[in-house]
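Residues per chain, in single letters:
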Amino acid sequence: MPHFVNRDQIFAHQVHLLEHKLRSKEERILELETENALLHLRLAECMGKLRRDREEDVILAKRHCQHQGKVQKSTLVPLAKLLSHVQALKKELRDVFAVYVGFATELENQSKQLMEWMDIIGKAVQGDQGGDTQRLQAQVASLEGSLQEEKERHRSERMRRRQIHNTLIELRGNIRVHCRVRPILPFDHIQGSLSTNGPSSSEVVVQAVSDDSVLVNCTKPGSPVMNKMFEFERVHGPEDSQDAVFEEVKPLLTSLLDGYNVCIMAYGQTGSGKTYSMIGSQDENRTHPDQDSQEGIIPKAAKELFKLISEKPAERHTVEVSMVEVYNNELLDLLAKDEDGAAVGVKREVITTSPGTSEVPCLTYELVQSSVEVMQLLSTVLRVRAHSPTLVHRDSSRSHLIVTLTVTSKSPNPQALAHRLQSARQNVQHCGPQKQWWSPRCPRAASSRSSSSNSSPQSSPCHSPCPASWHVVPQEPLRTKLQLVDLAGSECAGTSGVSGAALWESSCINRSLSALSDVLGALAEQRPHVPYRNSKLTHLLQDSIGGDAKLLVMLCVSPTQHFLSETLQSLGFGYRARQVQRHTPHRKNAGLKRK
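All values derive from a computational prediction rather than experimental measurement.

Undergrad: Hey, could you run me through the nonpolar core in this one?
TA: Formed by 47 residues in total, the largest nonpolar core has its most connected members in Phe232, Met265, Leu555 and Leu571. Of all the elements in the fold, those that place two or more residues in this core are strand S1 (176-181), strand S3 (213-217), strand S6 (262-268), strand S7 (316-327), helix H12 (501-524), helix H13 (536-540), strand S17 (550-557) and helix H15 (564-578). Per element, the largest residue contribution to this core is seven residues, and it comes from H12. Those residues in contact with methionine 265 that sit more than four places away from it in its chain are Val485, Leu487, Leu516, Leu541, Leu551, Leu552, Val553 and Met554. Formed by 40 residues, the second largest nonpolar core is a distinct cluster that contains Leu252, Ile298, Leu482 and Cys556.

Undergrad: Got a minute to help me understand the pattern of salt bridges in this structure?
TA: Side chains that carry opposite charge are capable of pairing whenever their charged atoms lie near each other. Inspection of the entire model under this criterion finds 15 salt bridges. For arginine 578, the salt bridge is made with glutamate 233, and the minimal N-O distance between the two is 3.0 Å. Here arginine 578, found in helix H15, pairs with glutamate 233, found in the loop between strand S4 (227-231) and strand S5 (234-236); they are 345 residues apart in sequence, far enough to count as distant. A salt bridge links lysine 536 to glutamate 349; its shortest N-O distance comes to 3.5 Å. Here glutamate 349 lies in the loop between strand S9 (346-348) and strand S10 (351-352) and lysine 536 lies in helix H13, a separation of 187 residues in the sequence. Residue classification places lysine 536 among the buried residues on the basis of a relative accessible area of 18%. Residue classification places glutamate 349 among the partly exposed residues on the basis of a relative accessible area of 40%. Connected via shared salt-bridge partners are Glu330, Lys347, Glu349 and Lys536.

Undergrad: Is there a simple way to explain the UniProt feature "coiled-coil region" (unreviewed entry) in the protein in this structure?
TA: Per the UniProt record, "coiled-coil region" (unreviewed entry) is annotated on residues 15-42. For residues 15-42, the end-to-end C-alpha separation is 40 Å, with 100% helix and 0% strand making up the annotated structure.

Undergrad: Please explain the UniProt feature "binding site: ATP" (unreviewed entry) in the protein as it appears in this structure.
TA: Mapped onto the present numbering, the UniProt feature "binding site: ATP" (unreviewed entry) falls on Gly268, Gln269, Thr270, Gly271, Ser272, Gly273, Lys274 and Thr275. Relative to the helices and strands, glutamine 269 resides in the loop between S6 and helix H6 (274-278). A relative accessible area of 4% places glutamine 269 in the buried class. Excluding residues that lie within four positions of it along the chain, glutamine 269 makes contacts with Lys274, Gly489, Ser490, Cys556, Ser558, Phe563, Glu566, Thr567 and Ser570. Inspection of the secondary structure puts threonine 270 in the loop between S6 and H6. With relative accessibility at 6%, the residue threonine 270 sits in the buried group.

Undergrad: Honestly, empty space enclosed by the protein in this entry has me stumped. Any pointers?
TA: Rolled over the atoms, a probe sized like a water molecule indicates the empty space that remains. Overall, the coordinates contain five cavities of 30 Å³ or more when judged by the stated rule. Empty space within the second largest cavity amounts to approximately 40 Å³. In terms of lining, the second largest cavity is formed by Asn261, Val262, Lys481, Gln483, Asp543, Ser544 and Ala549. At the level of secondary structure, the elements contributing two or more residues to the lining of the second largest cavity comprise strand S16 (478-486) and helix H14 (542-546).

Undergrad: How should I be thinking about the sheet that holds S4 in this particular structure?
TA: The strand order across the open sheet built from three strands is S2-S3-S4, with neighbouring strands paired in antiparallel fashion. With one partner strand each, in any of the chains shown, strand S2 (206-210) and S4 form the two edges of the open sheet. Averaged over all pairs of adjacent strands, the angle between their axes in this sheet comes to 25°, without regard to strand direction. In this sheet, S3 lies alongside S2 in antiparallel orientation, the contact comprising four bridges. Note that in S3 the partner of alanine 208 across the bridge is valine 214.

Conventions used here
Residues numbered from 1 in each chain as written. Predicted model: local features only at pLDDT ≥ 70, side-chain atom pairs only at ≥ 80, totals over all residues. Heavy atoms only, no water. Core = buried A, V, L, I, M, F, W, Y, C linked by side-chain atoms within 4.5 Å. Buried < 20%, exposed > 50% of the residue type's maximum accessible area, 1.4 Å probe, protein only. Helix = DSSP H or I, 4+ residues; strand = E, 2+ residues; numbered from the N terminus. Contact = heavy atoms within 4.5 Å. Salt bridge = Lys/Arg side-chain N within 4 Å of Asp/Glu carboxyl O. UniProt positions renumbered as here; feature names shortened; annotations may be inferred. 1 Å grid on protein atoms, 1.4 Å probe; cavity = no way out; pocket = protein on both sides within 12 Å on 5 of 7 lines; lining within 4 Å. Points joined across faces, edges and corners; volume = space filled by probe spheres on them. Pairing = 2+ DSSP bridges. Axes fitted to C-alpha atoms, helices over the stretch in contact; angles between N-to-C directions.

This is the structure in structure tokens:
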């Protein structure tokens, strides 16, 4: 039986399917509309952002255009002025060039006329006035000779004035003060650049205007010009060499062998050239061709001393060396050695003997035979001496170095012989008529000897046959001292930049130098009490400062504005030292003992 299809069911099913598809399409349309709305929103945001960016770009472009307009306006006016100025200069240059061309033409014409006149005058002089020319030449030669004679006379008068001045200083017992101005060094420019005073800190304000005067420019910014002049026995400029400095010191070494104690000390701030002046260059290369010319006072003095000793072969001399340092107000013996033979600084004390002189017990003395041995000892000592770098000096000495050369001389002293003869003559007069002069050639010699022997077993001095044997008058050795002192430099803690142990060293150095200045002030004012014992330095140098030694102070100063206050302090120290009037230096005569 055939199956009948219900068409309504089929249509209903189709309708159902179509409705399902319609709902899915509507859902899809809804999704697309939502997505479209989101895209429209995003598009609106992008459009708004784009609009804002365009507005900002427009604002920036307007600002840039305004700035460029202002720059162009501000630049065009100076450029226009500069262009007009350049055009005016070109015009003036053309005018000047035209004047120059005119002057050159006129000068050429005048030169031709002058040459023609010179030819005419030359012919006239050669023809008619040859004798006048010769007379003029003779007069010129005479004037040149007179000028040379006046220069020689002036030089001799200056030398004579200096000798008389030195004699006057010796008679008055004053202290000789020399001043040395060091040259500009590389660290002066570094100090000037680091200073808060500006670039003028490296300006030269100290000048040696003559061989006995130094000028200091003390002018401050915004103040009138103020200069100070200081006068000393000798002033050395930056151009003076080590040899020139030593030539002024060398005569004191002759006085040493003549029987005078001598002391030479270098004073000044740190970095002013004291150690260089006293010791010389510290270069280890001893084979340098200019090494001798770079030596300081100590090695040159040692050489000169042994040279003078070699020129007196009839006399017997021995030289002993001691080297000490005053470090933190303690006296250290630098020649003392430990058990291994290495040099170590052993603490010593300074005492005052009953005659009032200073002495260091147990001090080490080394016998030397030449200046080479002295320098070998000094090289060893310099390695032991206290040093420390500061902002002012990379190898600043932190102690006072005292090198003492003790010379013992034994010679046939004429004064001793004269004293011996005088003593013999007095003994003869004391014996009266009982004594007759004896001579080996006298015929009464034998009778005199026999009578004297019979009178007593032991002859008295009055009955001795020979006057020379009455009194044995031995001559004591002559001992003189040469003290060479390299003082540590005064310094300001703010300038040197030291701290810790170095700061304590700086304090001790300044206090000892202040004590030295107090001693000189007391001597200059002739106070009843002189504070030698305020410092080990002044106590050790008591005999040289206030005694009868010939004392020379070498002031070392810096020439720059940066160290002006320290320079004025050093020059003031030298001025006070010149005011000291001591007793006249005495010659150490060999004593005579009766036995």
